[in-house]
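Now for the letters of each chain:
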Amino acid sequence: MICAVDATSRRRFLAALGLSTAATAAACSGDDDGGSAGSTGSAAGTEDAQSRPDVPEVPPDPGIGADPFTLGVASGDPLPDAVMLWTRLAPEPEAPDGGMPAEDLQVLWEVATDDDFEDVVATGTGPAPLDRAHAVRVDAEGLEPSSWYSYRFRIGEWTSQVGRTRTAPPAGADEPVDFGFASCQSFQSGWYNAWRDVAESDLDLVVFLGDYIYENASQPVDPAEGVVRPLGADNDEPECTTLEDYRRRYAIYRGDENLRAAHAAAPWLVVWDDHEVDNNYADLSSEKDGVSAEEFTARRAAAYRAWWESMPVRMPPPEGPDLEIDRTVDWGSVASFFLVDTRQFRADQACGDATFDLSPACDEVKGADRQFLGTAQEARLIGGLTGSRAAWNVIGNQTVMSPLVVGDAILNYDQWDGYPEARRRLLSAIDEAGLTNTVVISGDIHVAGVGEVQLGDGAGARTVATELVGTSISSDAPIPEDLSSLVTELLPWIQYFDARRGWTRCRVDSGEWTAEFRVVDDNLAEGQPVSTDATFTIRPDSPGAVPA
Ligand code: FE
Ligand code: CA
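Numbers given for residues are sequential positions, taken from 1 along each chain in its written order. Lettering of chains starts at A and numbering of ligands starts at 1, both following the order in which they are written. With pLDDT at 70 or above as the cut-off, local features in this predicted model cover only qualifying residues; side-chain atom pairs require 80 or more to be listed or tallied, and sums for whole chains, interfaces and linings still use all residues. Calculation of side-chain values draws on the structure's entire complement of heavy atoms; hydrogens and water are dropped beforehand.

Let's talk about helix H6 (residues 293–310)
The first and last C-alpha atoms of H6 sit 25 Å apart over 18 residues, in line with the 26 Å expected at 1.5 Å per residue. For each residue, the accessible area found with a 1.4 Å probe, counting protein chains only, is set against the maximum for its type, and the residue is called buried under 20%, exposed over 50%, and partly exposed in between. A run of H or I in DSSP counts as a helix once it spans at least four residues, and a run of E counts as a strand once it spans at least two, with each numbered from the N terminus. Residues of H6 that are buried: Phe296, Arg299, Arg300, Ala301, Ala302, Ala303, Tyr304, Ala306, Trp307, Trp308, Glu309 and Ser310. To estimate how far a helix should reach, multiply one less than its number of residues by 1.5 Å.

Examining the coordination of the iron ion (ligand 1)
Excluding water, the donors of a metal are its N, O and S neighbours within 2.8 Å, or within 3.2 Å for Na, K and Ca, and that exclusion means sites may look incomplete. The protein atoms that coordinate the iron ion (ligand 1) are Cys184 (SG), Asp211 (OD), Tyr214 (OH) and His446 (NE2), at distances spanning 2.0 to 2.4 Å. One chain supplies every donor to the iron ion (ligand 1), and in sequence these donors are spaced C-x26-D-x2-Y-x231-H. Here the iron ion (ligand 1) and the calcium ion (ligand 2) are spaced 3.7 Å apart, linked through aspartate 211, which binds each one. With aspartate 211 in the loop between strand E11 (205–208) and helix H4 (243–253) and histidine 446 in the loop between strand E18 (438–442) and strand E19 (448–455), this residue pair connects regions lying 235 residues apart in the sequence.

Considerations on the state of the cysteines
Any cysteine sulfur atom paired with another within 2.5 Å is treated as part of a disulfide. Taken as a whole and judged by the stated rule, the model has 1 disulfide. Residue cysteine 351 pairs covalently with cysteine 362 via a disulfide, S to S 1.9 Å. Residues cysteine 351 and cysteine 362 are joined through a disulfide that is left-handed, its torsion about the S-S bond being -90°. Of this pair, cysteine 351 sits in the loop between strand E14 (335–339) and helix H7 (375–387) while cysteine 362 is found in the loop between E14 and H7, placing the two residues 11 residues apart along the sequence. Residue classification places cysteine 362 among the partly exposed positions, given a relative accessible area of 26%. Here cysteine 506 stays unpaired: no disulfide links it, and the sulfur of cysteine 184, its closest cysteine neighbor, is 16 Å away.

A look at a nonpolar patch on the surface
Patch membership needs two things, relative accessible area over 30% and no salt bridge, and members are linked within 9 Å if like-charged or within 5 Å if nonpolar (Val, Leu, Ile, Met, Phe, Trp, Tyr). Method for areas: the Shrake-Rupley scheme with a 1.4 Å probe, in which residue coverage is limited to the protein chains shown. Salt bridges are counted wherever a side-chain nitrogen of Lys or Arg sits within 4 Å of a carboxyl oxygen of Asp or Glu. There is a patch of nonpolar side chains on the surface, built from Leu483, Leu486 and Leu490 and spanning about 260 Å² of accessible area. Take leucine 490: it is sitting in helix H9 (residues 484–490).

Regarding empty space enclosed by the protein
Rolled over the atoms, a probe as big as a water molecule pinpoints where empty space is left. The pocket and cavity definitions rest on a 1 Å grid over protein atoms only: a 1.4 Å probe that fits but cannot leave marks a cavity, an open set with protein on both sides within 12 Å along at least five of seven lines marks a pocket, and residues lining either have an atom within 4 Å of a point. Grid points are joined across faces, edges and corners, and a volume is the space filled by probe spheres set on the points. Following the criterion strictly, the structure yields 4 cavities of 30 Å³ or more and no others. Looking at the largest cavity, its volume works out to about 80 Å³. If you go around the largest cavity, you meet 14 residues; those closest to its centre are Leu404, Gly449, Val469, Ile494 and Phe497. The set of elements that each furnish at least two residues to the lining of the largest cavity consists of E19, strand E20 (462–469) and strand E21 (494–498). Counting residues per element, the lining of the largest cavity draws most heavily on E19, which supplies 4 residues. The residue classification treats Ala, Val, Leu, Ile, Met, Phe, Trp, Tyr, Cys and Pro as nonpolar and Asp, Glu, Lys and Arg as charged. All others, Gly included, are polar. In terms of residue class, the lining of the largest cavity is made up of 10 nonpolar, 3 polar and 1 charged.

A look at the layout of surface pockets
Considered as a void within the structure, the largest pocket measures approximately 1,000 Å³ in volume. Every residue lining the largest pocket is counted, 45 residues in all, and those nearest its centre are Phe356, Ile445, His446, Ala477 and Pro478. Only H4, strand E16 (405–406) and H9 provide two or more residues apiece to the lining of the largest pocket. Here the lining of the largest pocket is built from residues that sort into 23 nonpolar, 14 polar and 8 charged. A volume near 640 Å³ is recorded for the second largest pocket. Lining the second largest pocket are 23 residues; nearest its centre among them are Pro403, Pro420, Arg423, Gly456 and Asp457. Take the lining of the second largest pocket: its biggest share by element is 4 residues, from helix H8 (residues 420–432).

Here it is as structure tokens:
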């Protein structure tokens, strides 16, 4: 029991970390609920420096027989006083039952200020239910703001690896944030060099903008064709359609040690894109023709369920095929992250969902009632943006907002370009509110870019937001690398374009945003270096990025 740790040794440890006992002191009597997963937990208060929360008994192992923590640990959605913690018990991650007994279990979770868990500040037991494939989701509450913690899970003799996570600054605090954003990690298309770099980068936060898994069936391994490793032990995975398929797909991806390391290094904010369900799906329309709404509804329900089980996100479980994932995460007074979903509520792609078609866009695309965020989410986003007093408003979205057009031709109807009225409504709201501090971060297209997001066109166009498009972690680019200069020449609102793999690092304080585009030269090989290709800065009073 941690209350027994004597005050002197605790003070000595905290002094070594440069922390005062007053700042981290705790009470044994904390007894609030651990959150959305229905766990029970206790957290330290701030009054009594003499005592710690009671650490419950480690729940018994019913005979698991091998290390159940093969999928690592993760954390996310930090608040000033809480963070979501995640793990899943699966000694055989690719087996339908994960290699687990068919019963509901409990695990112990612990949050400490030290790696040896001598100073546990919040702890409890949380459910690992059978109907959730023994995924564990805990909202660890009662933490101190702006603080780093270690966390772990235990059952019987088994203990997970130690994860590192942190809380957000207190409301109103002017504290910088050093975060990375990333998207699109097709497991077979390349190695996770970029995740290793993320894990080693001492970030406060990682924002993941979707395509965590790809739903496709296994492809034959052939590095010459850009397929570098098997998907699953036998490389015979079907296209995901059932809950079992999607669960196994997340388990296969988490088999990569660099991905696990990135999760264990910092809290994440996660949203999905299309491939967590089906390429380019829209609402209840599958990519493929001839799939009934009934069939696709069941598939989307399975996919959303598996995503929710697998991610450290703070939200109630999906109700059938529906799950609202849009939310706002505040980082003191410096940044508000508005995370949105551009798949679940959108109208079907216009003009046959053509890509790289150089004929003028068809009239359908201009329809005023073509939703992209859906009316309710759009209203929440606009209300949040216009009410925000943060130095920066960050829209964490999936698809590219800057136009990718040639004359009247739209090159990709799946992007914001395919929903011009929805885009105009959002940008008008930002403009009318006089906001100059909006940064849109995007993924999906597997190339990196910097853009000026403009309202109006031609001579009347004016920039109302800055867009940073992050490239893919590993998914292959749709465009040859040597077209980069052509893109920036043809599209004057695009200042940077690069078709290599990587991620984007952002160092943000209240006066300046610095974005570094990290790239991997050869991502078809393991153990490759990651370097900065370009650096841009943005100021909150003037949308548009300039080279640093
Ligand atoms: Fe992708
Ligand atoms: Ca995508």
